[in-house]
Amino acid sequence: MCGLCGVLLSDHWAEQDGGRRGRALRVALLNRVLDHFGLRLDDWSGSVYVLRDRKGASAVVADMGSLWFEAERLACRKLDPLDPKLLAALA
Amino acid sequence: MKTPVTLVTGFLGSGKTTLISALLRHPDLGETAVIVNELGEVGIDHHLLRRVDERTVLMPSGCLCCTLRGDLADELRDLLSRRDRGEIPEFKRVVVETTGLADPAPILFTLLSEPVVRHHYELDGLVATVDAVHGLRHEESVKQAAIADTLVVTKADAADAAELEHRLARLNPAAEIVEASFGDVEPARLLGRPQRDPRDIRIEDGHGHDGIAACTLFLDEQLDWAAFGIWLTMLLQSRGGDILRVKGLLDAGGSGPVLLNGVQHIVHPPVHLDAWPDDDRRSRLVFIGRGIDPHALRRSLAVFNRL
């Protein structure tokens, strides 16, 4: 639990290592992927994330468990990590 | 210390209750609470038997595997408080018997996500019974077998189990296969985290059952853990319905490997092992599911690993 705002901190399996530095690195890597779909993720005081599209729509994301669900909702499409176009853009 | 929970699944009539009844008679399992969904024809004679009516709570994501089993969460919390108040005998283990048609994924989700439950209980293992006479008859029994940690081939006295066991080993190479007649199995083979080292898994690519097959990825380079987490969470969101099980032994740069274990969208907290079992430090990931292309997975993971 975050002592300042009372928000439950994530203990999602993909976020258990690295502390604040690890979280910042994760957000940077995620933005490389999300940029391909016109989305951007920002950390909000180390407790939750804010996901935005380029038209101003946004969603608060608690952890990595709900990130891709919200990203698909904002992007209005399936976000497939096997998509050759995505892989070409990331390579 | 958390109380271990063992989940016993299996199709109707495949011998779940017979197995549980036999286990409960074993002297090592005296302090066990049992939760069942239905009281079957074979009654379980046990002092800590609780029956619950399956009640699911759909989560906002609308995903079927990430569904909270409200009935089970209530019952597990109630067992804790009644044990603390001294109203029921001490218990050191819980066995949950599901209905034959139940999807085990929401039960795992409940154990890992409900705040009180996950702090007091941990999943010990997922056991699926498969009847040697009738085999894998239905889609549900194939799915249950595909995600189990241990497969108990029941009625092995009444039918030749060899062919079925061969098929099961191809369907779920990550599982231990145990034969049982009239529920006669040593509890240690089913309980106490019967995890098998994914290194031992032998894969025969291209085989499966009802379109479900297993494939293994071997990775020579060290995994970037942050990138891997991004890749796998994205993959399970987009294809979680088709990926029934993922299990891995991963080189994330530590002195030992990271053991990964997941069912559909639900991934257990990874376990950091102290040391590798041998000199081979290649990461390996086993996927069990429908329509999985190992080459596409390998290509994608390699790109994400260099983000």
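Preceding this paragraph is the structure being described.
Residues numbered from 1 in each chain as written. Chains lettered and ligands numbered in written order. Predicted model: local features only at pLDDT ≥ 70, side-chain atom pairs only at ≥ 80, totals over all residues. Heavy atoms only, no water.

### Details of the interface of chain A and chain B
Right, on to step 1. Listed by partner, the interface residues are 26 residues for chain A and 30 residues for chain B.
Right, on to step 2. Interface area, chain A with chain B, both sides summed: about 2500 Å², of which 72% is carbon and sulfur.
Right, on to step 3. Applying the counting criterion to the chain A and chain B interface returns one salt bridge.
Right, on to step 4. Across the pair B:Arg239 and A:Asp80 runs a salt bridge, and its minimum N-O distance is 2.4 Å.
Right, on to step 5. At the level of elements, helix 1 (19-35), helix 2 (64-75) and helix 3 (84-90) of chain A are the ones that each hand at least two residues to the side of chain A that touches chain B.
Right, on to step 6. With six residues, helix 1 of chain A is the largest single contributor of residues to the side of chain A that touches chain B.
Right, on to step 7. Along the lines of polarity and charge, the residues of the side of chain A that touches chain B split into 17 nonpolar, two polar and seven charged. (Contact = heavy atoms within 4.5 Å. Buried area = accessible area lost by both parts, 1.4 Å probe. Salt bridge = Lys/Arg side-chain N within 4 Å of Asp/Glu carboxyl O. Helix = DSSP H or I, 4+ residues; strand = E, 2+ residues; numbered from the N terminus. Nonpolar A, V, L, I, M, F, W, Y, C, P; charged D, E, K, R; others polar.)

### A closer look at the pattern of salt bridges
Right, on to step 1. A complete count under the given rule lists 20 salt bridges over all chains for this structure.
Right, on to step 2. For B:Asp124, the salt bridge identified is with B:Arg93, shortest N-O distance 3.3 Å. Residue B:Asp124 is located in strand 7 (residues 121-131), and its partner B:Arg93 is located in strand 6 (residues 93-97); the two are separated by 31 residues in the primary sequence. For the pair B:Asp124 and B:Arg93, one class covers both residues: buried.
Right, on to step 3. For B:Asp280, the salt bridge goes to B:Arg284, with nearest N and O atoms at 3.0 Å.
Right, on to step 4. Residue B:Asp280 is classed as partly exposed on the basis of its relative accessible area of 27%.
Right, on to step 5. Here the salt bridges do not stand alone but share partners, grouping A:Glu15, A:Arg23 and A:Asp43 into one network. (Buried < 20%, exposed > 50% of the residue type's maximum accessible area, 1.4 Å probe, protein only.)

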